[in-house]
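What follows is the residue order along each chain.
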2 protein chains.
Amino acid sequence: MSYTLLIADDERDIRDMLASYFGKCGYEVLLAEGGREAVRIALRGPDLILLDVGMPDMDGLEVCRSLRDAVSCPILFLTARIEDADKVNGFAAGGDDYIVKPFSLSELAARVAAHLRREERQTAKAEVKFAGGLVINYSAAEIAYRGAPVPLTRQEYRIAELLSLHAGRVFDKEAIYEKIWGREGEGSSAVVAEHVRKLRGKLAEAGADSPIETIWGLGYKWRS
Amino acid sequence: MSYTLLIADDERDIRDMLASYFGKCGYEVLLAEGGREAVRIALRGPDLILLDVGMPDMDGLEVCRSLRDAVSCPILFLTARIEDADKVNGFAAGGDDYIVKPFSLSELAARVAAHLRREERQTAKAEVKFAGGLVINYSAAEIAYRGAPVPLTRQEYRIAELLSLHAGRVFDKEAIYEKIWGREGEGSSAVVAEHVRKLRGKLAEAGADSPIETIWGLGYKWRS
DNA sequence: GCGTTTCTTGGACGAATCTTGAAAAACGGC
DNA sequence: GCCGTTTTTCAAGATTCGTCCAAGAAACGC
């Protein structure tokens, strides 16, 4: 399961450098060249956002403020401004970390990983009950309906896991494919659709009414 | 609701200074003079832990490792060690932040607040409320009026999303078309107008008075 | 190796959605 | 109040999207 980063910086060199570095680390990378673009792309739901503070069209702080209510992922500022007051402003805008250029890539990577790990720790409960008698045991990778385990294949389970962990959030088929397969693919949407069909079939067979809803033209979501 | 911090440092001056500062900020403060004591007190479940790396009886990293599975709160390292490798070690040990001495109190306070805020955000839904009882949940791609979701099609939702994110700004029809369809088109204005009509219709049907205003000769805007 | 399970791909169908064109209404300047 | 322009409305055709099925490919356990 791969994480998606959104990197927003107006300087092409930095953007490319970060993209290639995190790409090599196994992350999916989305790029934005400016603040407005960052806001738009952020709605695709990255797992973490790296935001340059000084961008010409829309200030990073401003981007952060306008996103804060809409997306819940960690937002890390990158900046050359070193003053305390600047840092405090960054946090006040809703940022989760403030990294001063020039930064070392290893430290940046460690911080990114730490924030992602924290996100995961939040949701790392062994067992979660969902409406309708469905219970998912994430550590055992098992879904049960009224005590009886539902036999799922790997991809089916992973899709259920992804959607259920973010219950209520809409994922389009490409996003699901990228998260689970860790790469982009052309026939991705058909593959995902097929697995969702199987998954629904097995859940229905077990007697549960499927918690996976189709949002026409947008994707799937786990009923919350 | 006041948060409880655990501050672990073997130097009495620093401990007292931090305790008094965060005490004034309204936090409950627990103090530990060494690593072993920190582990013991941490089990009382503070909301956040400030951990000195260099303590005589038990290294901060060690403390962190032994706590990580037991407590899920953020752990912030305080240290004079500035090397990248040290920082990376800190994060690898399960730390959530790494703050180099001498640090400014305002920055430290901002970081503490950011980590606590993040904990809280986990439970909060990502929703934005607009005037007139309209609520948009961007991650669920859903618009609700007085709790009842308004069934929108893809393009309708996207237009609402675009306009609401930049409430108050006027978009002409070509601009909307380019943002959403990602290309230029000739009949674009008619297409957009049609979708806006449908969108208004559905919002009106749900009972909400449409937040989309027509600026004659210029385009549309979301009432702010 | 061999058989079984799981994954992936392609195509057909129906339904939901999008787009288009033309006519009616609204607006603003004069 | 009239006229050109812009917006709104309506209905029908075109397109996209999701579901389903079946068969081939790949991975897996033994």
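None of these values were measured; they are calculated from a predicted model.

Turning to the interface of chain A and chain B, a few remarks are in order. Each partner contributes to the interface: chain A provides 39 residues, whereas chain B provides 41 residues. Here chain A meets chain B over a buried area of about 3400 Å², counting both sides, of which 51% is carbon and sulfur. At the junction of chain A with chain B, the criterion picks out nine salt bridges. Here Glu 119 of chain A and Arg 118 of chain B are joined by a salt bridge, their closest N and O atoms 2.2 Å apart. Linking chain A with chain B are 22 residue pairs in polar contact (both at pLDDT 80 or more), by the criterion used here. Of all elements in the fold, only α2 (35-42), α4 (84-92), β5 (97-100) and α5 (105-123) of chain A reach the threshold of two or more residues within the side of chain A that touches chain B. Taken together, the residues of the side of chain A that touches chain B break down into 14 nonpolar, nine polar and 16 charged.

Here we come to the protein's contact with DNA strand D. Looking at DNA strand D, there are 20 residues lining it, with Lys 173, Thr 214 and Tyr 220 of chain A together with Thr 214 and Tyr 220 of chain B nearest. What you see for DNA strand D is that sugar and phosphate hold 66% of its atoms within 4 Å of the protein. Arg 154 of chain B places a side-chain nitrogen or oxygen 3.2 Å from a phosphate oxygen of DNA strand D. When the residues that make up the surface near DNA strand D are grouped by side-chain class, the tally is seven nonpolar, four polar and nine charged.

All names here are of chain A. Under the domain assignment, chain A is made up of domain 1 (4-122) and domain 2 (127-222). With centres defined by C-alpha atoms, the gap from domain 1 to domain 2 works out at 29 Å. At the interface, five residues of domain 1 touch six residues of domain 2. Around 410 Å² of area is buried between domain 1 and domain 2 when both sides are counted, 22% of it from carbon and sulfur atoms. The three residues of domain 1 that bury the most area against domain 2 are Glu 28, Gly 45 and Asp 47, which together make up 76% of that side's buried surface. Summed over the shared surface of domain 1 and domain 2, the result is one salt bridge.

Another point: the nonpolar core. Membership of the largest hydrophobic core comes to 59 residues, with the highest contact counts inside it found for Ile 49 and Leu 51 of chain A together with Ile 176 of chain B. In terms of residue count, the dominant contributor to this core is helix α6 (residues 154-165) of chain B (six residues). Ignoring sequence-local partners within four residues, the contact set of Leu 51 of chain A consists of Ala 8, Ala 38, Gly 60, Val 63, Cys 64, Ile 75, Leu 76, Phe 77 and Leu 78 of chain A.

We now examine unusual backbone geometry. In this model, Lys 101 of chain A is joined to Pro 102 of chain A through a cis peptide bond whose omega is -5 degrees. You can see Pro 102 of chain A is positioned in the loop between β5 and α5. Phi is positive for Ala 141 of chain B, which is not a glycine, with a value near 50 degrees. Position of Ala 141 of chain B relative to the elements: it lies in the loop between β7 (134-137) and β8 (142-145). The phi dihedral of Arg 146 of chain B is positive, around 50 degrees, even though this residue is not glycine. Structurally, Arg 146 of chain B is set in the loop between β8 and β9 (148-150).

Reading the values: rules and limits
Residues numbered from 1 in each chain as written. Chains lettered and ligands numbered in written order. Predicted model: local features only at pLDDT ≥ 70, side-chain atom pairs only at ≥ 80, totals over all residues. Heavy atoms only, no water. Contact = heavy atoms within 4.5 Å. Buried area = accessible area lost by both parts, 1.4 Å probe. Salt bridge = Lys/Arg side-chain N within 4 Å of Asp/Glu carboxyl O. Polar contact = N/O pair within 3.5 Å; in protein donor to acceptor, adjacent residues only side chain to side chain. Helix = DSSP H or I, 4+ residues; strand = E, 2+ residues; numbered from the N terminus. Nonpolar A, V, L, I, M, F, W, Y, C, P; charged D, E, K, R; others polar. Near = heavy atom within 4 Å. Domains from an automatic or database assignment. Core = buried A, V, L, I, M, F, W, Y, C linked by side-chain atoms within 4.5 Å. Buried < 20%, exposed > 50% of the residue type's maximum accessible area, 1.4 Å probe, protein only.

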